[in-house]
Amino acid sequence: MLKKSWKFGTREVVYAAIGAALYAVLSLATNWIQLPSAGNVSFRPAIVIPMFFGVVFGPIVGFIAGFLGNIISDLIAGYGFWFWWDLGNGVIGLVPGLIAVWMTTYNSFKDIVWGEVFSTIGVLVGMGIASISEMWVSGADMSTVIFANYLPAIIPDLINGLILLPILMIAYAAIVKRSGR
Amino acid sequence: MLVTWRYRLRNGLMEKFDPRARWIFSLAFLFAVTLFWDARFLAFFFIIAFAWYFSSRAKWKETRRGWYLIGFILFMMIVINTIITGGGAGGVVPPGGHLVWAQGGTIPLVGWQFHFGLTWERLWFAICQLLRIGAISAIFLIIPYTMDPRVYGVTFRGLGLPDRFAYSMELAFRYVPTLARDFGTTLDAQRARGYEIERVKGGIIKQIVRIAPLIVPVTMNSILTGEDVTNAMDLRCFGTRPRTWLQKLTFHWQDYALIAFSIILLGGGIITLYAFHLGNFWVPEFWLRLAGG
């Protein structure tokens, strides 16, 4: 059966929910991990979840995994609602989802490279939207947005995402091969 | 791993309102407050926000973690924005102004001269930022403590979101405890094999790779479970008709009053700013007198 990018059927409803719950749980579970010599930078290996769910299940699933997962994680942690950051996290999942239809084996060099490229674009755009919104909400100027919001957000997200995404893609390829799904 | 929701019934005034009305109010408040940089208007919004916040009956002990985070963000913004960078504050503060240290200063021992561009206007802008971000934070921080997680799906459906998205939301909330339990089981199993997550030796890449034995099994296991859930839902003809929800939300008079207030707040804000040209950045006379201007 041909894959459709923007389909949102039963399968997508379920995987969007699983992606969001996973992102929330793994964010909370790895909250305590700190970057060496950068104690103030939030380190979130779970950021790979929206990217991975986007690459495998498409842009809507990726978006919901990031958007809703961030909301749930903040809900449990008691940080409140920050729509613009939730939206940014959604975009991190949405952009890699744009290549989901072209994914074939998930463990080939080509698939992994495309996954990495689109995930990088997703982080740059998603965190860009979230950071720039601070100009409107908080009245921050561009230098503050770049140095206090954008760079501390994209650097750990890119490091985590780019290392963990290929590992998850290779593991998923093994599951697809074994289960024939 | 223990995952607990922050919500518990407190019988506060806030909980008397329908969650949909509360979302409408919160969003209208957000858009209204971001129209203004005049401290007099911002003080009005600040009072409303904290009156709303305190109507929840949430205790400081419960919410302090969120406030610490907001405090840290505020500190970073104000210190970097007003004191260190000296930039244009998003184009709000006009260029020039009254310097706080007009003479500059000298670093002892080395005798180097420095000039600090901090102005009294920018300091006033920092106070406005404090009022504005404080008010927005009070409105949005309190939501997880006062809104039942079971009603998020039906609330967003009621606000016009598609059925499938709302159901996905509902399902995600229900999955959280299951996945948290799976994560705990995986962590225990890996520890039994000698896995040490607490080891902090090694560089960033080593630390991230060390997370993989936790993330991969939990993710793959949940994907396999998802296939079974999808099949079960398909067999029950999911999505062929509009859904019904376990919880039913009904608007009461107080909800209509809150929605009307939200419309007045946002509509009034727009009229005040665009028709009367009031609410832009303003520095009071007494503040400039402090500057000697």
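What counts, and at which threshold
- Residues numbered from 1 in each chain as written.
- Chains lettered and ligands numbered in written order.
- Predicted model: local features only at pLDDT ≥ 70, side-chain atom pairs only at ≥ 80, totals over all residues.
- Heavy atoms only, no water.
- Contact = heavy atoms within 4.5 Å.
- Buried area = accessible area lost by both parts, 1.4 Å probe.
- Salt bridge = Lys/Arg side-chain N within 4 Å of Asp/Glu carboxyl O.
- Helix = DSSP H or I, 4+ residues; strand = E, 2+ residues; numbered from the N terminus.
- pLDDT = per-residue confidence, 0-100.
- Axes fitted to C-alpha atoms, helices over the stretch in contact; angles between N-to-C directions.
- Parallel < 35°, antiparallel > 145°, perpendicular 65-115°, else oblique.
- Left-handed = near helix turned anticlockwise from the far one by under 90°.
- Nonpolar A, V, L, I, M, F, W, Y, C, P; charged D, E, K, R; others polar.
- Core = buried A, V, L, I, M, F, W, Y, C linked by side-chain atoms within 4.5 Å.
- Buried < 20%, exposed > 50% of the residue type's maximum accessible area, 1.4 Å probe, protein only.
- Domains from an automatic or database assignment.
- Patch = residues over 30% accessible without salt bridge, like charges linked within 9 Å, V, L, I, M, F, W, Y side chains within 5 Å.
- Areas by Shrake-Rupley, 256 points an atom, 1.4 Å probe, with all protein chains shown as cover.
- Lys, Arg positive; Asp, Glu negative; His and termini not counted.
- Expected span 1.5 Å × (residues − 1).
- Polar contact = N/O pair within 3.5 Å; in protein donor to acceptor, adjacent residues only side chain to side chain.

### Looking at the interface of chain B and chain A
A common way to state how big an interface is: give the accessible area lost once the parts meet.
Consideration 1: Facing the 74 residues of chain B at the interface are 66 residues of chain A.
Consideration 2: Taken together, the two surfaces of chain B and chain A that pack against each other cover about 6100 Å², and 78% of this comes from carbon and sulfur.
Consideration 3: Considering only the surface of chain B that becomes buried against chain A, Ile208(B), Ile215(B) and Ile223(B) emerge as the three largest contributors, covering 10% of it.
Consideration 4: Inspection of the region where chain B meets chain A yields one salt bridge.
Consideration 5: Elements that contribute at least two residues to the side of chain B that touches chain A include exactly helix H1 (19-33), helix H3 (60-85), helix H4 (120-141), helix H5 (143-146), helix H7 (163-192) and helix H8 (204-235) of chain B.

### Focus: the confidence of the model for chain A
Consideration 1: Summarising the model, chain A shows a mean pLDDT of 86, and 88% of its residues fall at 70 or more.
Consideration 2: Low pLDDT (under 50) marks residues 34-41 of chain A, which in the prediction has eleven contacts with non-local residues, meaning those over four places away or in another chain.

### Details of the environment of Gly97(A)
Residues and elements named next belong to chain A.
Consideration 1: As for its placement among the helices and strands, Gly 97 is situated in helix H4 (residues 83-97).
Consideration 2: The sequence separation of Gly 97 and Ile 60 amounts to 37 residues, and the corresponding C-alpha distance is 7.4 Å.
Consideration 3: With residues near it in sequence (within four places) discarded, Gly 97 still touches Ser 5, Gly 54, Val 55, Gly 58 and Pro 59.

### Structural notes on the packing of helix H1 (residues 10-29) of chain A against H8(B)
Consideration 1: One can describe the packing of H1(A) onto H8(B) by two numbers: an axis separation of 9 Å at closest approach and a directional angle of 150 degrees. With respect to H8(B), the axis of H1(A) lies roughly antiparallel. Judged by the twist between their axes, the crossing of H1(A) over H8(B) is right-handed. Residues Thr10(A), Arg11(A), Val13(A), Val14(A), Tyr15(A), Ile18(A), Leu22(A) and Leu26(A) of H1(A) touch H8(B), and the partners they reach there are Ile215(B), Val218(B), Thr219(B), Ser222(B), Ile223(B), Gly226(B), Glu227(B), Val229(B), Thr230(B), Met233(B) and Asp234(B).
Consideration 2: When its residues are assigned to classes, the contact of H1(A) with H8(B) shows eleven nonpolar, five polar and three charged.

### Describing the nonpolar core
Consideration 1: Judged by nonpolar contacts, the single largest core of 152 residues is most densely connected at Phe52(A), Phe53(A) and Phe29(B).
Consideration 2: Among the elements that line this core, the one with the most residues is H1(A), at 15 residues.
Consideration 3: Each of domain 1 (13-153 + 249-290) and domain 2 (166-235) of chain B contributes no fewer than three residues to this core.
Consideration 4: Apart from the residues within four sequence positions on either side, Phe52(A) is in contact with Leu165(A), Leu168(A), Met169(A), Tyr172(A), Thr219(B), Met220(B) and Ile223(B).

### What about a nonpolar patch on the surface?
Residue and element names in this part refer to chain A.
Consideration 1: A cluster of nonpolar side chains, namely Leu 87, Phe 109, Val 113, Trp 114, Val 117, Ile 121, Leu 124, Val 125 and Ile 129, defines an oily patch on the protein surface of about 760 Å² accessible area.
Consideration 2: Of the residues forming the nonpolar patch, the biggest block, eight residues, is contributed by helix H5 (residues 109-137).
Consideration 3: What makes Leu 124 partly exposed here is its relative accessible area of 35%.

### A closer look at the side chain of Arg22(B)
Consideration 1: Among the structural elements, Arg22(B) can be located in helix H1.
Consideration 2: Although Arg22(B) is buried, it makes no salt bridge; Glu15(B) carries the closest opposite charge, 6.6 Å away.

### Here we look at H4(A)
Consideration 1: When the terminal C-alpha atoms of H4(A) are compared, their 21 Å separation across 15 residues agrees well with the 21 Å that a helix rising 1.5 Å per residue should span.
Consideration 2: Of all 15 residues that make up H4(A), 13 are buried, and the element is covered over most of its length.

### Some words on the domain arrangement of chain B
Residue and element names in this part refer to chain B.
Consideration 1: Entries for chain B in the domain assignment read domain 1 (13-153 + 249-290) and domain 2 (166-235).
Consideration 2: Using C-alpha coordinates to define each centre, domain 1 is positioned 38 Å away from domain 2.
Consideration 3: In this complex, domain 1 contributes four residues to the contact, which on the side of domain 2 involves four residues.
Consideration 4: Regarding the contact of domain 1 and domain 2, the summed buried area is about 360 Å², with carbon and sulfur atoms giving 64% of it.
Consideration 5: Together, Arg 150, Tyr 152 and Gly 153 form the three largest contributors to the area buried by domain 1 at its contact with domain 2, with a combined 85%.
Consideration 6: Scanning the region where domain 1 abuts domain 2 turns up zero salt bridges.
Consideration 7: In this assembly, domain 1 and domain 2 are joined by zero residue pairs in polar contact (both at pLDDT 80 or more).
Consideration 8: Looking at the side of domain 1 that touches domain 2 residue by residue, the class counts come to two nonpolar, one polar and one charged.

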